[in-house]
There are 2 protein chains.
Amino acid sequence: MLPDAFCRRLSLLLGPDRFFTDPATCYVYGYDNSRNHCVPEAVAFPLSTEEVQAIVLACNEFKVPLTPRGRATGTAGGSVPEQGGLALSLERMRRIIAVDPANRAMVVEPGVVNQEVQDAARPHGFFWPPDPSSAAYCSVGGNLATCAGGPHAVKYGVTRDHVLGLKAITGKGDIIKTGAYTTKAVVGYDLTRLIIGSEGTLAVITEATLKLTPLPEAVAGITAHYRDIESCAHAITRIMAQPHIPSALEFLDRGALDLIRAHYPDLVPVDTQAMLMIEVDGGEAEIEASQRAVMQACPDPALIQVRPVADQKSLWAARKALSPLLRDIAPRKINEDVVVPVSRLPELLTGVTALATRYQIANVNFGHAGNGNIHVNLLVDPDRGDELQRAEACLSEVFDLVIRLNGTLSGEHGVGMEKRPFVGREIDATTMALMREVKRVFDPNAILNPGKLFPDR
Amino acid sequence: MLPDAFCRRLSLLLGPDRFFTDPATCYVYGYDNSRNHCVPEAVAFPLSTEEVQAIVLACNEFKVPLTPRGRATGTAGGSVPEQGGLALSLERMRRIIAVDPANRAMVVEPGVVNQEVQDAARPHGFFWPPDPSSAAYCSVGGNLATCAGGPHAVKYGVTRDHVLGLKAITGKGDIIKTGAYTTKAVVGYDLTRLIIGSEGTLAVITEATLKLTPLPEAVAGITAHYRDIESCAHAITRIMAQPHIPSALEFLDRGALDLIRAHYPDLVPVDTQAMLMIEVDGGEAEIEASQRAVMQACPDPALIQVRPVADQKSLWAARKALSPLLRDIAPRKINEDVVVPVSRLPELLTGVTALATRYQIANVNFGHAGNGNIHVNLLVDPDRGDELQRAEACLSEVFDLVIRLNGTLSGEHGVGMEKRPFVGREIDATTMALMREVKRVFDPNAILNPGKLFPDR
């Protein structure tokens, strides 16, 4: 139960329309797309940096856990208020403070939706590169908290590469300003990137200066089909080593292709065991040459076909067909986003297949092959015997495999609650202890998203 | 004086060829390109991570200040052992541990020279984008410590954008491993970028995994001459808003042009008050279109001429002519690297000219206009009356102007000793206090490069 004095303070600060303790409101602010559910005791909707500061200070005073959230589209449980307390929803802080095409910058509040940033940038000939699959409804604040990626990260990089500076409230309630309004700036420590990807455990971001990128003039596509995964992986390496870096380089494995073939026999050749969907973008004059250069990196004795694709719809047809089919197999999808060096992709994919076979778990893999970032999907029916336990044992071995291959447990989803038990396999104890000390500097009372990101001790 | 036991410990650890206390050796390891000079009491040359750790632990035990250094090409005094103690030269840790073109990565020790990285990457079709003017002889460790930039940062970004992970020894002597071996990775806090640009105040980097970039197929140039600085600045904004981002966009102001004209009358038209030197790179098929697109962004009533340039030598002729001429004017050059948003460049440049006139200081400005990163040069003869004092007063007002224009005091040189007194004008007291606390977490005994980066209190 929250202290009465705390509730009175926030009620007075925010009024009846922006502070709630009723069970119905609290219920819906208790989960995110990880499907974890922990009901907070109150929900607050601040409108300004100063209100966020007042709330954080109150949480410190009354030792109330505070879990910041955007649109709760994250899949790792980062915005689930695991220890109860206050859910701090930033969804009403959605002003676009400045659009500044002359300096290729935009200043936004954290509740602005990714798509709204794109809509505001486009008339000026710009876009903001982070493009998670939830871009139509996820918030910029969430993108910053998780250092979101997406398919275009292979050419454009991830969220941390597209932010100039932040305004934020630390866990102890200080207003800080990080970074600068310019693309080059080296005065002081890089707190901007320390906060980006910290999943709301260090500070609550209340304003961000985004770096915009000019829209490409033209886009084109290529599909390539391979008889085996090794040949496909070698092609990925060759594609990434030539100067026409694709703007997307996505991959479907045999499991995914079998599923698609079973429902749409004409969409994928019968002997394709690995498929690439490749997008190139650039100047009008260059686009055909880029398409050609990528196609020239594709050949291999195990190549079945490589084809230019005229439109985006045809390029992504197989991928779009896949998502609804996954749900048909099993009600629960364990969707991981492991990363390995591109040259280790064959070992990862054959290894995952072997593990899934051994544990008798349906398995489908696809994702951002150009970065080595593969979405490993274990498809589970929790009501079917010990299937969930087998899937969890399988997942644990998948993570071990990823670490052996010099990879990382998460490329874009983050740690949240879901990957917390495994973090210690990737980050050594000394480095982890240092991260805990950094956390204490920002948040000495462990108010902000407590328990997240770090493994239990 | 260093404690005898400390010297014996390091002597035993490193042997007579890698630990020195004689005045001659100490003397030369006391300065960098800032021309500050503070003689250390000893110089050590470690060869491994473990040796660096042992040295840092000894410095903690005996409370000896430790100043890490690469090739000492920095211009802000970051590697000057201001408080004496030990100069830790990493110049002998120069192994290239792995060149991995399949994963577009290279693993190096900090003493490897920037040019050696380029030489090792080139046969595989790659380069490493950071290109400070000292690239032929500066070390990667120094590039990391300062988050070095260079002319190509306008398209490719700065050092922080091209590093995947680090091995480092914190100020308290712990070995940490940051980042990953993959381009996407979001597990744990981004300590990689916290350490990059921290000027050796948090940790000594002993190994870095660099991200490589494919070499462009073709390069072309453009020069543009303007009758006034405002028109030139508007052209810069237009050039940066179109999708063919130049690979370099360099600028010379009237002071620089007058100097060049006085010695080489044919190199620059008589009425040019601002000149752009623009490089584009990309695919063979695109390069002419890119050159055309940039040229189309140049026109203005005050444009005198815009011309394609066939070769690199012609493109940079005016800039190359400038450097030796600067030395003829005055023996001492105060060379700052301030940054303002591109749209504020006219205000910066007219403001700096007005200040230099008021203080009667010779002034020449040039630099990386595409980033708004201008090298403001105040040319001083310290033996001439109160000229140095006037220059310092002028500089202080230049920094105030930069802050008023929403800029930053340093785009690539760093703070070191030189900009330390001014940092408080850019970073507010609360954020600065947080940075000091972060420093204490890494370096509780204030062993590492003590006194640097932060203003005196």
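Residues numbered from 1 in each chain as written. Chains lettered and ligands numbered in written order. Predicted model: local features only at pLDDT ≥ 70, side-chain atom pairs only at ≥ 80, totals over all residues. Heavy atoms only, no water.

Talk me through the overall build of chain A; I want residue IDs and the actual numbers.
From N to C terminus, chain A includes 16 helices and 18 strands. For chain A, whose C-alpha radius of gyration is 23 Å, the value lies close to the compact-globule estimate of 23 Å for 457 residues. A principal-axis box enclosing the C-alpha atoms of chain A has dimensions of 70 × 60 × 40 Å. Evaluated residue by residue, chain A yields a buried proportion of 63% over its 457 residues. Sequence separation of at least 24 residues holds for 72% of the intrachain contacts in chain A that already meet a minimum separation of 6. In the form shown here, chain A has an accessible surface area of approximately 16400 Å², with 52% of it arising from carbon and sulfur atoms. (Helix = DSSP H or I, 4+ residues; strand = E, 2+ residues; numbered from the N terminus. Rg over C-alpha atoms; globule rule 2.2 N^0.38 Å. Buried < 20%, exposed > 50% of the residue type's maximum accessible area, 1.4 Å probe, protein only. Contact = heavy atoms within 4.5 Å. Areas by Shrake-Rupley, 256 points an atom, 1.4 Å probe, with all protein chains shown as cover.)

Residue-level account of a nonpolar patch on the surface, with values.
The grouping of Y27(A), V28(A), Y31(A) and V39(A) at the surface amounts to a nonpolar patch, some 360 Å² of accessible area in total. Looking at where V28(A) falls in the secondary structure, it is placed in helix 2 (residues 23-28). (Patch = residues over 30% accessible without salt bridge, like charges linked within 9 Å, V, L, I, M, F, W, Y side chains within 5 Å. Salt bridge = Lys/Arg side-chain N within 4 Å of Asp/Glu carboxyl O.)

Lay out the nonpolar core with the relevant residues and their values.
Soluble, globular proteins show a tendency: their nonpolar side chains are buried together. Judged by nonpolar contacts, the single largest core of 187 residues is most densely connected at L276(A), L348(A), F442(A), L276(B), L348(B) and F442(B). For L348(A), the contacting residues outside a window of four places in its chain are V338(A), V340(A), I374(A), L401(A), V402(A) and L405(A). (Core = buried A, V, L, I, M, F, W, Y, C linked by side-chain atoms within 4.5 Å.)

Which residues make up the sheet that holds strand 3 (residues 66-69) of chain A, and what values go with them?
Residue and element names in this part refer to chain A. Taken together, the 4 strands give an open sheet; going across it, the order is 1-2-4-3, and neighbouring strands pair in mixed fashion. Of all the strands in the sheet, just strand 1 (19-20) and strand 3 have a single pairing partner and so form its edges. Of the strands in this sheet, strand 2 (42-44), strand 3 and strand 4 (86-89) are in contact with helix 3 (residues 49-62), which crosses strand 4 at around 165°. (Pairing = 2+ DSSP bridges. Axes fitted to C-alpha atoms, helices over the stretch in contact; angles between N-to-C directions.)

Give me the lowdown on the interface of chain A and chain B, citing residues and values where you can.
Of the residues lining the interface, 83 residues belong to chain A; the matching set on chain B comes to 83 residues. Linking chain A with chain B are 6 salt bridges. Here K172(A) makes a salt bridge to E437(B), at a shortest N to O gap of 2.5 Å. The interface formed by chain A and chain B contains 29 residue pairs in polar contact (both at pLDDT 80 or more). Residue contributions to the side of chain A that touches chain B peak at 9 residues, all from helix 16 (residues 429-442) of chain A. Among the residues making up the side of chain A that touches chain B, the classes are represented as 39 nonpolar, 27 polar and 17 charged. (Polar contact = N/O pair within 3.5 Å; in protein donor to acceptor, adjacent residues only side chain to side chain. Nonpolar A, V, L, I, M, F, W, Y, C, P; charged D, E, K, R; others polar.)

Which residues make up the side chain of R420(A), and what are the values?
All names here are of chain A. Mapped onto the elements of the fold, R420 is located in the loop between helix 14 (387-404) and helix 15 (423-426). For R420, a relative accessible area of 10% corresponds to the buried category. For R420, the side chain forms a polar contact with the main-chain oxygen of G451, separated by 2.8 Å. Setting aside anything within four residues of it in sequence, one finds R420 in contact with E82, V415, G451, K452, L453, F454 and P455.

I'd like to hear about unusual backbone geometry, residue by residue, with values.
In the Ramachandran plot, Q360(A) falls in the positive-phi region, its phi being about 55° despite a non-glycine side chain. Overall, Q360(A) belongs to the exposed group, its relative accessible area being 64%. One non-glycine residue, C147(B), adopts positive backbone phi at about 55°. Residue classification places C147(B) among the buried residues on the basis of a relative accessible area of 2%.

I'd like a description of a positive patch on the surface, backed by residues and values.
All names here are of chain A. Among the surface-exposed residues, R35, R327, R332 and K333 lie close enough to one another that they form a single positively charged patch. If you trace the backbone, K333 turns up in strand 16 (residues 332-339). Residue K333 is classed as partly exposed on the basis of its relative accessible area of 41%. (Lys, Arg positive; Asp, Glu negative; His and termini not counted. Charge placed at Lys NZ, Arg CZ, Asp CG, Glu CD.)

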